[in-house]
There are 2 protein chains.
Amino acid sequence: MLIQEKPQQRNWKPIIKELEAVLGYKNVVQRREELITYECDGLASYRERPALVVLPRTTEQVAAAVKICNKYNIPFIARGSGTGLSGGALPVEECVLIVTSMMRQILNVDLDNQRVVVQPGVINSWVTQTVSGAGFYYAPDPSSQIICSIGGNVAENSGGVHCLKYGVTTNHVLGLKIVTATGDIVDLGGMLPEMPGYDLTGIFVGSEGTLGIATEVTLRILKAAESICVLLADFTNVEAAGASVADIISAGIIPGGMEIMDNLSINAVEDVVKTNCYPRDATAILLIEIDGLEVEVAHSKKLVAEICRSNGARNVTSASDPETRLKLWKGRKAAFAAAGHVSPDYYVQDGVIPRTQLPYVLKEIEELSQKSGYRIANVFHAGDGNLHPLILYNNSIPGELEKVEEVGGEILKLCVRVGGSISGEHGIGAEKRCYMPEMFSDCDLETMQFVRQVFNPKGLANPTKIFPTPRTCGEAARVMGDGAKKFETSGVERY
Amino acid sequence: MLIQEKPQQRNWKPIIKELEAVLGYKNVVQRREELITYECDGLASYRERPALVVLPRTTEQVAAAVKICNKYNIPFIARGSGTGLSGGALPVEECVLIVTSMMRQILNVDLDNQRVVVQPGVINSWVTQTVSGAGFYYAPDPSSQIICSIGGNVAENSGGVHCLKYGVTTNHVLGLKIVTATGDIVDLGGMLPEMPGYDLTGIFVGSEGTLGIATEVTLRILKAAESICVLLADFTNVEAAGASVADIISAGIIPGGMEIMDNLSINAVEDVVKTNCYPRDATAILLIEIDGLEVEVAHSKKLVAEICRSNGARNVTSASDPETRLKLWKGRKAAFAAAGHVSPDYYVQDGVIPRTQLPYVLKEIEELSQKSGYRIANVFHAGDGNLHPLILYNNSIPGELEKVEEVGGEILKLCVRVGGSISGEHGIGAEKRCYMPEMFSDCDLETMQFVRQVFNPKGLANPTKIFPTPRTCGEAARVMGDGAKKFETSGVERY
């Protein structure tokens, strides 16, 4: 029911006319060369050209565009900045792409009640920029925060390095105005953290565009901490770094962020970003950010350093001044991009494991690397067990991508086997839907499909995403993104 | 579609036989005098006797009972300890009550990953008792925590005094095993804070038994703070207490709890609980709990005391030893019960307002009190704007309850008018469904109803709750709980 029939040679003329009447001539993109930009998102290894791209500016324009798609039974896909890594915004054949990048207004700032209302195209980092003068910030901070949009963050329930202490996007979205897949405008949640009735805001956040399009987002902002300190601990084995993470949490300290990078990542970053802070001979480094009151940070900093040393850290340094802190984080935030410089291509995986399984899983990933012959760089949100192994390969060699995807799949299965998850913060999108049955029973998936049909009865909103249709990964690879072609040439630009 | 037809004189014999075959003879309660206990929950002003009560012990028994109800089209209602204050567990005519109080096993304790799996009948405070020896606790703490069940907490998304800093039940439920309204067993969420796919755990928590029955709950537990301090600030006007709340939050301090009690509540508590800590001549007291590292608590304590004094507090005292802390909280936790001692009856309201509206709303409530002639005691979670006005009245005077409910309704409308909500933590249940249209549009409510139908297609699970059918409050009062009778005699036992 949710799979679109192969469209017949469609007559787009009347559709374009109707869309232009609502959106204006300039905001309906149809020229082949202009459409190329929209062929893929951050999962650049799959591409499909949309039939049209529309650029709405208001909720009403989004609703009108969706209604036109419904009238003609055209699948449509929402896209923010296109930085997603699981192909959530990958077009399907003959679809309309609804791009929210012109919806960039900050609609309301209410500092007293700590909330900001934004349009979905607003860039993540703009929210903090808007309120930082008054001492506030917006907590979720994906590495792509200077370019990714709040609408995309809502779709993918994005995380970031500070999500250990402060939670992911869903913990910071109070309310939404959405356009459902049938073009209705509905308000979900509100201005308060808890509302009566069913938590429809919660179900929408992370639904990857399959339930409709968010057109206004009410965000919770937080008071900036009085003091922040970043520690860098340098280890000669990854297990010791993992043990330090467990010990820090056990001591009752929840750092703002706690990240591990392995030797391969460290050197990639130092080659490219040149922080000159990361010791190139370390097997692993642990970056720990502590925030809070000055007295609290001073106390925790001492304790954290002791814990790292007692676990065998060779050296522990710390920085409280904004400039050095930024430099320490810059390397971590640029780790994906750096991997792209030391290898023709990389495939980033996103899995979650219970914190206690860290040493075992890292050992298994190392074995997978040796068995498959691919170098795997590990960069991860250690505090919440969210792994980001980067598999380095060369996409210009035919067949390599398939092999690498297979290794990535093995890592995901490993995560599920130890009680974890196939996605931490990048979403399922087009990429991982074939792994959903690893985590969910038929009955679980069927229940989700029923919910999908409530908002998206004709299946027009972002079809072929999240749910495992077709069921096997082999099949999925052949028809990824409902016919999207694999893109086998190296040098693809990624964020 | 969701409203049950008036049942014909049903032949219960074959149904009882089938239920006994699954649950055992002892666990199917049918004697009239034994059923009386189950006529109401904490909203004792409405009563309806169920046809049968069943006491399952396992998920499979719950599923079997639900399947039998489906076979015979019998409405069924889940009940935990029956302490809910909005009539969520109020029976409807000729229903089966599925009581989870025999499902009291703690199934798994995983301290390393900070999670505990329990059956729904487990009492809230048992969770903390189970893990406190190892230095952990379960954060949501309704005032009824020594008697209310985790299953009921999940149904109503319960809060408590510590929810300002730590969030309500939904923030602490990682996963659920549920029996849907059709008797299917489905797993929602898992052992990790974030899972891919739709957040069905989030939608189930707070759904007040209308989507099914939780039979296993995976809870997140937290590390107990190193140090805790409770401050009591004594004010000669409520506005000054409210201003202190705003200033404390603005200073970047998030207390574990922050509660205001007014003069009427203070004296009721001192009459009954005799803490000898609360100044009887204060217009309002502000109770502030600060938790964290020792250094942090020491620093924040000083700052909080200064803020209160600068807002005109006559006196600020503090206690760090467990005994005095407990005594300070005991009065607050017993405030509802105390109101029941100084007045024949009381009606507790539960609304939320943006923190900045506190002074205005308190003034309006005072005016409502004078206009209506009912004394209103105010006890509330000031930090998160969650009000609990207690309207004192005498239920043995015919017509009083209706008048008091009207005053309560005015308070709710006032909350909505200033951008708040008609329920903070007690749920909508049978009591407040007629106020849902004050907050939600027809389209919003219809969307919720569609979701309800996914899990509860025949409308058998807890019918007549949450949704405004019939639409006006007058009608609702006449057929509250699908025919439940008003209970007009005083001295009803409440928790």
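Residues numbered from 1 in each chain as written. Chains lettered and ligands numbered in written order. Predicted model: local features only at pLDDT ≥ 70, side-chain atom pairs only at ≥ 80, totals over all residues. Heavy atoms only, no water.

Per an unreviewed UniProt entry, the recorded name for chain A is FAD-binding protein, and the organism is Dulcicalothrix desertica PCC 7102. Under the heading Cofactor (unreviewed entry), UniProt records this for chain A: "FAD". (UniProt positions renumbered as here; feature names shortened; annotations may be inferred.)

Visitor: Lay out the overall build of chain A with the relevant residues and their values.
Guide: Helix and strand counts for chain A stand at 17 helices and 21 strands. Relative to its length of 495 residues, chain A is compact, with a C-alpha radius of gyration of 22 Å against a globular reference of 23 Å. Principal-axis analysis of the C-alpha atoms gives chain A an extent of 70 × 55 × 45 Å. Classification of the 495 residues of chain A by burial places 62% in the buried group. Relative to all contacts within chain A whose residues are 6 or more apart in sequence, the contacts with residues 24 or more apart total 72%. (Helix = DSSP H or I, 4+ residues; strand = E, 2+ residues; numbered from the N terminus. Rg over C-alpha atoms; globule rule 2.2 N^0.38 Å. Buried < 20%, exposed > 50% of the residue type's maximum accessible area, 1.4 Å probe, protein only. Contact = heavy atoms within 4.5 Å.)

Visitor: Tell me about the side chain of Arg325(A), and name the residues and values.
Guide: Residue and element names in this part refer to chain A. In this fold, Arg 325 is placed in helix H11 (residues 322-333). One buried charged residue, Arg 325, forms no salt bridge at all, with the nearest opposite charge on Glu 289 at 5.1 Å. With sequence-adjacent residues up to four places away left out, Arg 325 is seen in contact with Ile 228, Cys 229, Val 230, Ala 319 and Ser 320. (Lys, Arg positive; Asp, Glu negative; His and termini not counted. Salt bridge = Lys/Arg side-chain N within 4 Å of Asp/Glu carboxyl O.)

Visitor: Go over the sheet that holds strand S6 (residues 106-110) of chain B, please, and point to the residues and values.
Guide: Two orientations exist for strands paired in a sheet by backbone hydrogen bonds: parallel and antiparallel. Residues and elements named next belong to chain B. In space, the five strands of this open sheet follow the order S6-S7-S11-S9-S10, with antiparallel pairing throughout. Of all the strands in the sheet, the pair left with one neighbour each is S6 and strand S10 (185-189). Here the strands of the sheet are splayed against their neighbours by 15° on average, with no regard to which way each runs. (Pairing = 2+ DSSP bridges. Axes fitted to C-alpha atoms, helices over the stretch in contact; angles between N-to-C directions.)

Visitor: Lay out the nonpolar core in plain terms, naming residues and giving numbers.
Guide: Counting 80 residues, the largest nonpolar core has Leu176(A) and Leu176(B) as its most contacted members. Setting aside residues no more than four positions away along its own chain, Leu176(A) makes contact with Val154(A), Val186(A), Asp187(A), Leu188(A), Thr201(A), Phe204(A), Val205(A), Ala214(A), Glu216(A) and Val217(A). Judged by nonpolar contacts, the second largest core, of 50 residues, contains Leu90(A), Ile253(A), Ile307(A) and Ile376(A). (Core = buried A, V, L, I, M, F, W, Y, C linked by side-chain atoms within 4.5 Å.)

Visitor: Quick rundown of the pairing of strand S19 (residues 376-381) of chain B? Include the residues and the values.
Guide: All names here are of chain B. For S19, the tally of buried residues reaches six of six residues, placing the bulk of the element in the interior. On S19, burial covers both faces: Ile 376, Asn 378 and Phe 380 on one face and Ala 377, Val 379 and His 381 on the other are all buried. Here strand S14 (residues 257-262) pairs with S19 via three bridges, running antiparallel. Each bridged residue has a counterpart across the sheet, and for Glu 259 the counterpart in S19 is His 381.

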